[in-house]
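Coordinate inspection notes
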Amino acid sequence: GLKFSDVPNGLAALSKVPVAGWAQIVAYMAFCETSQSQAPGTPAAEGNFGFRGIPLSAVYDGSAEARKNKLNAELANGRLAMMAIIGMFFQDGLTGSAWGDWALYTDSPLRAFENELGV
């Protein structure tokens, strides 16, 4: 069987996921998409699935304006997270390390003048 120690870091780990693992991921995604009606006019169509990460309080009073602010903050944070993970994918593709160990990337154009005098 597959041991945790056999799974490499970064993008190389994708090739080690067994078919049953991919099937579980796809099945869970399908469940999440189909478990609530998202027809027009329902709360789910507007992105309200009935879960509040921040309960009603002084911070979030349930008003439309507060909801709009929270959703905008969530969108901004999601976009930032997507940019960060794409950066990590790029580093992993270049260096073989998701944490960007540039010592492993010897073909970098930033190293073009590394061995010249005065550097």
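Presented here is an overview of the structure given in this document. Here the residue index of a chain counts from 1 through its sequence in written order. Given that the model is predicted, a residue must reach a pLDDT of at least 70 before its local features are reported, and side-chain atom pairs must reach 80 or more before they are shown or counted; all residues, however, enter totals for whole chains, interfaces and linings. For side-chain calculations, the full set of non-hydrogen atoms in the structure is used, while hydrogens and water are omitted.

Quick word on the overall build of the protein
Numbered from the N terminus, helices here are DSSP runs of H or I no shorter than four residues, and strands are runs of E no shorter than two. Along the protein, the regular secondary structure elements total two helices and zero strands. Each residue gets one of three labels from its accessible area relative to the maximum for its type: buried under 20%, exposed over 50%, partly exposed in between, using a 1.4 Å probe on protein chains only. The 119 residues of the protein split such that 10% are buried. Excluding contacts between residues fewer than 6 apart, the proportion of contacts in the protein whose partners are at least 24 apart in sequence is 10%. Calculation of accessible area relied on Shrake-Rupley with a 1.4 Å probe; when residues are assessed, cover is drawn exclusively from the protein chains displayed. Accessible surface, the protein as shown: approximately 9900 Å² in total, 64% of it carbon and sulfur. The contact criterion used is simple: two residues touch if any of their non-hydrogen atoms lie within 4.5 Å.

Side note on the side chain of Asp92
Within the secondary structure, Asp92 is located in helix α2 (residues 64–95). In this tally, Lys and Arg are treated as positive and Asp and Glu as negative; His is ignored, and so are the chain termini. Salt bridge, as applied in this entry: a Lys or Arg side-chain nitrogen positioned within 4 Å of an Asp or Glu carboxyl oxygen. For the buried Asp92, which has no salt bridge, the nearest side chain bearing the opposite charge is Lys16, at an N-O separation of 13 Å. Setting aside residues no more than four positions away along its own chain, Asp92 makes contact with Gly10, Leu11, Ala12, Ser97 and Ala98.

Structural notes on the packing of aromatic side chains
Pairs were defined over the aromatic rings of Phe, Tyr and Trp, the Trp ring being its six-membered one, requiring ring centres within 6.5 Å. Orientation was assigned from the angle between planes: stacked under 30 degrees, edge-to-face over 60, tilted for the rest. Following the criterion strictly, the structure yields one aromatic pair and no others. Seen from their ring centres, Tyr28 and Phe31 are 6.4 Å apart, and the 35° between their planes marks the pair as tilted. Taken together, the residues span about one helical turn, with Tyr28 and Phe31 both in helix α1 (residues 19–34) at a distance of three residues. Side by side, Tyr28 and Phe31 carry an identical accessibility label, which is exposed.

Examining α2
Helix length check: α2, at 32 residues, gives a terminal C-alpha distance of 46 Å against a target of 46 Å (1.5 Å per residue), a fit within 8%. Those residues of α2 not exposed but buried are Ala66, Asp92 and Thr95. Just past α2, the residue Gly96 takes up positive phi, approximately 80°. Expected span of a helix: the number of residues minus one, times 1.5 Å.

Structural notes on α1
Every α-helix carries 3.6 residues per turn, so stepping three or four residues along brings you back to the same face. Compared with an ideal rise of 1.5 Å per residue, which puts 16 residues at 22 Å, α1 spans 22 Å between its outermost C-alpha atoms and is within 8% of the ideal. Within α1, only one of the 16 residues are buried, which leaves it mostly out in the open.

Points about the environment of Leu71
Mapping Leu71 onto the fold places it in helix α2. A relative accessible area of 31% means that Leu71 is categorised as partly exposed. Residues Leu71 and Gly47 lie 24 residues apart in sequence; the distance between their C-alpha atoms is 9.3 Å.

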